[in-house]
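# Breakdown of the fold
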Amino acid sequence: QVQLVESGGGLVQAGGSLRLSCAASGRTFSRYTMGWFRQAPGKAREFVAAMSWSGGNTVYADSVKGRFTISRDNAQNTVYLQMNSLKPEDTAVYYCAAGSTRWGPRVVMPTEYDYWGPGTQVTVSS
């Protein structure tokens, strides 16, 4: 079992930055692929970024590539999402997720993740 709790969301002006954190419980955290997803009102949950258990592989949605960076600290059981150059269209609830899925093209799919945090709201004003 893994429990996840996100933090670091808030209100920021366009062009600003936020860093989201996701703290995980459970001693097997380092074995999981970690992902970030987001969901805006009235829209489906969408993939943002993912990182393999070792940290050696990452993938980003085209919409955030070059602006967002995912990282993890397995010793601290924490995964991060650094978000720079934020845009109003980045406004959403952001969720972190942990999955035992093997690294590959399917890591962008929410169905590949076993555990989810409750989410943290990010609002970007124009």
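Further up the page is the structure itself.
A brief structural summary.

What counts and how
- Residues numbered from 1 in each chain as written.
- Predicted model: local features only at pLDDT ≥ 70, side-chain atom pairs only at ≥ 80, totals over all residues.
- Heavy atoms only, no water.
- Salt bridge = Lys/Arg side-chain N within 4 Å of Asp/Glu carboxyl O.
- Buried < 20%, exposed > 50% of the residue type's maximum accessible area, 1.4 Å probe, protein only.
- Helix = DSSP H or I, 4+ residues; strand = E, 2+ residues; numbered from the N terminus.
- Pairing = 2+ DSSP bridges.
- Axes fitted to C-alpha atoms, helices over the stretch in contact; angles between N-to-C directions.

## Let's talk about the pattern of salt bridges
Going through the model one piece at a time under the given rule, you end up with five salt bridges. Close ionic contact of Arg38 with Glu46 constitutes a salt bridge, the shortest N to O distance being 2.5 Å. The residue Asp62 makes a salt bridge to Lys65 at a minimum N-O spacing of 3.1 Å. Assessed through its relative accessible area of 66%, Asp62 is described here as exposed.

## Quick look at unusual backbone geometry
Even without glycine at this site, Asn77 takes up a positive phi of about 50 degrees. By secondary structure assignment, the location of Asn77 is in the loop between strand S7 (68-73) and strand S8 (78-83). In this structure, Ser85 is a non-glycine residue whose phi angle is positive, near 50 degrees. Counting through the fold element by element, Ser85 comes out in the loop between S8 and strand S9 (92-99). Accessibility expressed as a relative area gives 41% for Ser85, which makes it partly exposed.

## Side note on the sheet that holds strand S3 (residues 18-24)
Two strands in a sheet stick together by hydrogen bonds in their backbones, pointing the same way (parallel) or opposite ways (antiparallel). The strand order across the open sheet built from four strands is S1-S3-S8-S7, with neighbouring strands paired in antiparallel fashion. Both edges of this open sheet fall to strand S1 (4-7) and S7, since each of them pairs with a single strand only. Each strand of the sheet is rotated relative to its neighbour by a mean of 15 degrees, with strand direction disregarded. Strand direction decides the pairing type here: S1 and S3, joined by four bridges, are antiparallel. Note that in S3 the partner of Leu4 across the bridge is Ala24.

Function cannot be read off these values alone, since they describe shape.
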